[in-house]
Amino acid sequence: MAKDGFETLKLVGTRPNRPDGLDKVTGRARYGADFSLPGMLWGAVVRSPHAHARIVKIDATKAEALDGVKAVITRADFPTGLTGEDWNLQENTMAGEKALYDGHAVAAVAATSKLLAEQAARLIEVTYEVLPHVIDVDAAMAEGAPVIRAGAADATVPEGLHPNVVRYMEFGRGDVDAGFAEADLVMERTYKTEATHQGYIEPHACVSKMGADGKGEMWVCTQGHWYIRKMSAAVLGIEASQLRVTPTEIGGGFGGKTTIFMEPLSLALSKKAGGRPVKIVMSRSEVLRATGPTASASMDVKIGMTKDGKITAARAEFRMQGGAFPGAPVDMALYCCFAGYKLANVHHVGYDVLANRPKCAAYRAPGSPNGAFAVESLVDEMCRKLGLDPVEVRLKNGVTTGDRASYGPKFGSIGLTEVLEAVKAHPQLQAPLGENQGRGFAVGYWFNHNGETSVSMAIGEDGTAQVSVGTPDIGGSRASIALMVAETLGIPYEDVGVNVVETGALGVNEPTHGSRATFASGKAAVEATQAAIKEMCRRAAAEWDIDDEAVEWVNGAAQPAGPNAGKFPPMSIKEIAGKMGQTGGPISGHHESVPDGVGASFGAHVVDLEVDPETGRVTILRYLVVQDAGRAIHPSYVEGQYQGGAAQGIGWALNEEYVYDDKGRLSNTVFLDYRVPVASDLPMIDTVIVEVPNPGHPFGVRGVGETGITPPLPAIANAIHDAVGVRMTHLPINPPKLLAALKAR
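Definitions and cut-offs
- Residues numbered from 1 in each chain as written.
- Predicted model: local features only at pLDDT ≥ 70, side-chain atom pairs only at ≥ 80, totals over all residues.
- Heavy atoms only, no water.
- Helix = DSSP H or I, 4+ residues; strand = E, 2+ residues; numbered from the N terminus.
- Rg over C-alpha atoms; globule rule 2.2 N^0.38 Å.
- Buried < 20%, exposed > 50% of the residue type's maximum accessible area, 1.4 Å probe, protein only.
- Contact = heavy atoms within 4.5 Å.
- Areas by Shrake-Rupley, 256 points an atom, 1.4 Å probe, with all protein chains shown as cover.
- Lys, Arg positive; Asp, Glu negative; His and termini not counted.
- Charge placed at Lys NZ, Arg CZ, Asp CG, Glu CD.
- Polar contact = N/O pair within 3.5 Å; in protein donor to acceptor, adjacent residues only side chain to side chain.
- Axes fitted to C-alpha atoms, helices over the stretch in contact; angles between N-to-C directions.
- Parallel < 35°, antiparallel > 145°, perpendicular 65-115°, else oblique.
- Left-handed = near helix turned anticlockwise from the far one by under 90°.
- Nonpolar A, V, L, I, M, F, W, Y, C, P; charged D, E, K, R; others polar.
- Patch = residues over 30% accessible without salt bridge, like charges linked within 9 Å, V, L, I, M, F, W, Y side chains within 5 Å.
- Salt bridge = Lys/Arg side-chain N within 4 Å of Asp/Glu carboxyl O.
- Domains from an automatic or database assignment.
- Buried area = accessible area lost by both parts, 1.4 Å probe.
- pLDDT = per-residue confidence, 0-100.
- Pairing = 2+ DSSP bridges.
- Core = buried A, V, L, I, M, F, W, Y, C linked by side-chain atoms within 4.5 Å.
- Arc of directions from axis to C-beta.

### Observations concerning the overall build of the protein
Argument step 1. Helices and strands together make up the secondary structure of the protein, namely 20 helices and 26 strands.
Argument step 2. Relative to a compact globule of 745 residues, whose C-alpha radius of gyration would be 27 Å, the protein shows 27 Å and is just as compact.
Argument step 3. Here the C-alpha coordinates of the protein stretch approximately 85 × 75 × 50 Å along the principal axes.
Argument step 4. Counting across all 745 residues of the protein, residues that qualify as buried make up 61%.
Argument step 5. A separation threshold of at least 6 residues defines the contact pool for the protein, and within that pool the share at least 24 residues apart is 79%.
Argument step 6. By element, 51% of the accessible surface of the protein is carried by carbon and sulfur atoms, the whole surface being about 27500 Å².
Argument step 7. Here the protein holds 70 positive side-chain charges and 86 negative ones, and the gap between their average locations is 3 Å.

Next comes the structure, spelled out in structure tokens:
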């Protein structure tokens, strides 16, 4: 479904095989845990068993006495004097005075084998003074709650709030009280979501070596190796230029591999072990206990609506905990929660709160799913109370191009209306429902990101092209970038190679996050390709002895731009490349920027499900994802992103949560207990790609990777209400919780 203007494209929009597919299915692709070096040591980490405890003493004597143990490190081996986020990263990497959550690293050891390193880690004796802890976000703000880090609040926090509140925000426009007075119906509800993990299959892995000259190398499974370099250098007190970081293939990240956890530990161990490389691979338990899940949230939402469905005012107060450090995505949750609605009167309040949990990391549209659950649940409840069609209410209030977003900026070209019209036209809305079956609908939003980007491309002697990018491929970006470059050059897709290179090969690149890779690296690759085309046209012009401006590039060849330019046969890319050594040397193009023109993304989901009233089990029967992609460069990957987001959102809505015992220890530390959806839990997920081209990109791209996780949470809650008449306001809606609600009706 396209508003195209792309009728002449030959490659963009097709579905070729992925260029890295063969290596991955045959096992040739090297992931983080596959990497090794001669003389390599293995690292193991000692982690706190307490949610909050003062570290009284660390005795590594027994571990150091083991034959084959080459290094032991604690916080004493790290530099002092760090401030701000650098201190937060260092403190999370290795605890200082206190362990702040179950799983917090307190020491690490390197030895000649993995088993020996793990044995040595068990021999390190840590004496703790256990302190009171707090896990829940509302409890952490309450009077008398244990103070996790005194003085951690920034200047935004008003006086009188608990010290665990470390950041405060408030913004809006209009007069919400007057808006509520205009409404025929005003409703207010409180909603809660629990922390969930990204659930990537590949655990974190890193091999590092630090030489006596102070220069280090790292091989890491990561979404952003420049971030790994910058953060690791800051934590260890060295210059980032002294580190070279190479990304391995990555087995999933979803935002969780954009920061550091144990990577600096392998460097510090290597340095202490005389420069020998050190490898650390996390266990699944370590991944769940000690890496970054998303935040949990407690949210109050109030909305006013007229009897014909116009929203007159809205207010949101969100409280989110991001672990024992500042950084819960409460700002992004607030930006996104009302973004789909045209509101004259709106008010947002947010609190970033500390709790004795791991430092949160990004997870696909961080904050947006939480906010959508609250707002979209309440809008649905109000629609039902007023007897209104929920899709029509979204159309009536939905933002369009040029409208001002609830959080301030004006929208450029957006496709929310087209998405909603596509939902209305889909046959799923007419599918019959049986007893205890219900249908739910919700809308989601993500603003997408640009970020520092650097790309280089070179023409080979045979007329092929090699593109060097700095954004690791976590969703098919190699194929998408190759398609765009091949389309621009006018050569076959198979003639373009896309390589993810190390930090020494390009200028700075932000990670593959914020749905930016295909947009930003793709745009930069097209710009770099245009620079190479300009040079090839110049060389053809020189050979023909005509002006550079008299040559154009058409279908993979330079040709005179018109009859007045001369009658020369087209000079193909192969011809130009074959003699470039005699016409001026290599031909390449480069582009570095923070690209403008980011296009926001809206999506809408429809879910049909069935509730077993005897057990509380929910079965997803049918699922529909409709989302604006701008332009689908490789439709199969776009569909995969839509389906992946829906699958993860289904897990968040129905099963996934961090479960802590009364001592603040994580209880579900393996996938057997931390229940992610498997194939048997999911139906075939239908997708509709809406294409409202983003004018800020040469091929109309807008990021698609994150919006898809936002609508499932409220859509499923709304469908459960439709099925059995119970309104669930606390996720996950697992069988025991739903069964209790059914019995309490």
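### Examining the environment of Asp-308
Argument step 1. On the secondary structure map, Asp-308 appears in the loop between strand 13 (296-305) and strand 14 (311-321).
Argument step 2. Taking C-alpha positions, Asp-308 is 8.1 Å from Leu-386, a pair spaced 78 residues apart along the chain.
Argument step 3. Setting aside residues up to four positions removed in sequence, Asp-308 forms contacts with Leu-388 and Lys-396.
Argument step 4. In terms of polar contacts, Asp-308 uses its side chain to reach the side chain of Thr-306, at 2.3 Å.

### With respect to the packing of helix 11 (residues 368-386) against helix 12 (residues 390-397)
Argument step 1. Across the interface, helix 11 lies against helix 12 with an axial gap of 10 Å and an inter-helix angle of 115 degrees. Taken together, the axes of helix 11 and helix 12 lie roughly perpendicular to each other. Read as a crossing pair, helix 11 and helix 12 show a hand that is right-handed. Counted together, Glu-376, Val-379, Asp-380 and Cys-383 of helix 11 and Pro-390, Val-393 and Arg-394 of helix 12 form the full contact between these two elements.
Argument step 2. Here the residues of the contact of helix 11 with helix 12 sort into four nonpolar, no polar and three charged.

### Description of a negative patch on the surface
Argument step 1. A contiguous patch of negative charge, built from Glu-435, Glu-610, Asp-612 and Glu-614, is present on the exposed surface.
Argument step 2. Secondary-structure assignment places Glu-614 in the loop between strand 24 (601-611) and strand 25 (618-628).

### A closer look at the domain arrangement of the protein
Argument step 1. Its domain assignment divides the protein into domain 1 (21-28 + 450-593) and domain 2 (367-448 + 598-744).
Argument step 2. The centre of domain 1, based on its C-alpha atoms, is set 38 Å off from the matching centre of domain 2.
Argument step 3. Each partner contributes to the interface: domain 1 provides 17 residues, whereas domain 2 provides 17 residues.
Argument step 4. Together, Met-484, Ser-515 and Phe-519 form the three largest contributors to the area buried by domain 1 at its contact with domain 2, with a combined 39%.
Argument step 5. Our enumeration of links across domain 1 and domain 2 arrives at zero salt bridges.

### Things to note about the confidence of the model for the protein
Argument step 1. This prediction gives the protein a mean pLDDT of 97; 99% of its residues lie at or above 70.
Argument step 2. Per-element confidence in the protein is highest for strand 13, whose mean pLDDT is 99, and lowest for helix 1 (residues 21-26), whose mean pLDDT is 94.

### With respect to the pairing of strand 14
Argument step 1. Extensive coverage of strand 14 is indicated by the burial of ten of its eleven residues.
Argument step 2. Pairing of strand 13 with strand 14 involves ten bridges; the strand directions are antiparallel. By the bridge assignment, Ser-298 is partnered in strand 14 with Arg-319.
Argument step 3. Hairpin connection of strand 13 to strand 14: five residues between the antiparallel strands, including Gly-309 at a positive phi of 100 degrees.

### Some points on the pattern of salt bridges
Two side chains bearing opposite charge may form a pair once their charged atoms approach each other closely.
Argument step 1. Scanning the model with the defined rule gives 46 salt bridges in all.
Argument step 2. When the shortest N-O distance is used, the salt bridge between Asp-20 and Lys-24 registers 2.8 Å.
Argument step 3. By relative accessible area, which is 6% here, Asp-20 ends up buried.
Argument step 4. Here Arg-28 makes a salt bridge to Asp-23, at a shortest N to O gap of 2.8 Å.
Argument step 5. Take Asp-23: its relative accessible area is 32%, and that puts it in the partly exposed class.
Argument step 6. Where salt bridges share partners, they join Asp-136, Asp-138, Lys-192, Asp-300, Arg-315, Glu-317 and Arg-319 into one cluster.

### Topic: the nonpolar core
Argument step 1. Formed by 94 residues in total, the largest nonpolar core has its most connected members in Ile-303, Phe-338, Leu-609 and Ile-720.
Argument step 2. By residue number, the principal contributor to this core is helix 19 (residues 712-724), which donates eight residues.
Argument step 3. Residues in contact with Ile-303, not counting those within four places in the same chain, are Phe-180, Leu-185, Val-186, Met-187, Ile-311, Ala-313, Ala-314, Phe-338, Val-375, Leu-378, Val-379 and Met-382.
Argument step 4. Residues Ala-479, Leu-489, Ala-528 and Val-701 belong to the second largest nonpolar core, which totals 49 residues.

### Observations regarding the side chain of His-347
Argument step 1. Its place among the elements puts His-347 in strand 15 (residues 346-353).
Argument step 2. Note on His-347: relative accessible area 18%, which makes it buried.
Argument step 3. Setting aside residues up to four positions removed in sequence, His-347 forms contacts with Glu-170, Phe-171, Gly-172, Val-176, Ala-314, Arg-315 and Ala-316.

### As for the sheet that holds strand 6 (residues 125-130)
Argument step 1. Strand order in this open sheet of three strands is 4-2-6, and the pairing throughout is antiparallel. If you trace the sheet from one side to the other, it starts and ends with strand 4 (98-99) and strand 6, each paired once.

### Focus: helix 4 (residues 114-123)
Argument step 1. Burial in helix 4 covers these residues: Leu-116, Ala-117, Ala-120 and Ala-121. Considered in projection along helix 4, the buried side chains sweep an arc of 140 degrees and stay on one side of the axis. Exposed side chains of helix 4 directed beyond 90 degrees from the buried face belong to Leu-115 and Arg-122.
Argument step 2. Buried residues in helix 4 make contact with strand 1 (41-47), helix 2 (61-64), strand 3 (69-73) and strand 5 (105-111).

### Brief notes about the side chain of Glu-249
Argument step 1. Tracing the backbone shows Glu-249 in the loop between strand 11 (243-247) and helix 8 (263-272).
Argument step 2. Judged by its relative accessible area of 15%, Glu-249 falls in the buried class.
Argument step 3. For Glu-249, the side chain forms a polar contact with the side chain of Arg-478, separated by 2.8 Å.

### Notes on the packing of helix 11 against helix 19
The relative placement of two packed helices is expressed as an angle between their axes plus a distance between the axes.
Argument step 1. Packing of helix 11 against helix 19 leaves a shortest axis separation of 7 Å and a crossing angle of 30 degrees. When the axes of helix 11 and helix 19 are compared, the crossing they make is right-handed. Every residue of helix 19 that contacts helix 11 at Pro-369, Ala-372, Phe-373, Glu-376, Ser-377, Asp-380 and Arg-384 is listed here: Leu-713, Pro-714, Ala-717, Asn-718, His-721 and Asp-722.
Argument step 2. Considering only residue class, the contact of helix 11 with helix 19 consists of six nonpolar, three polar and four charged.

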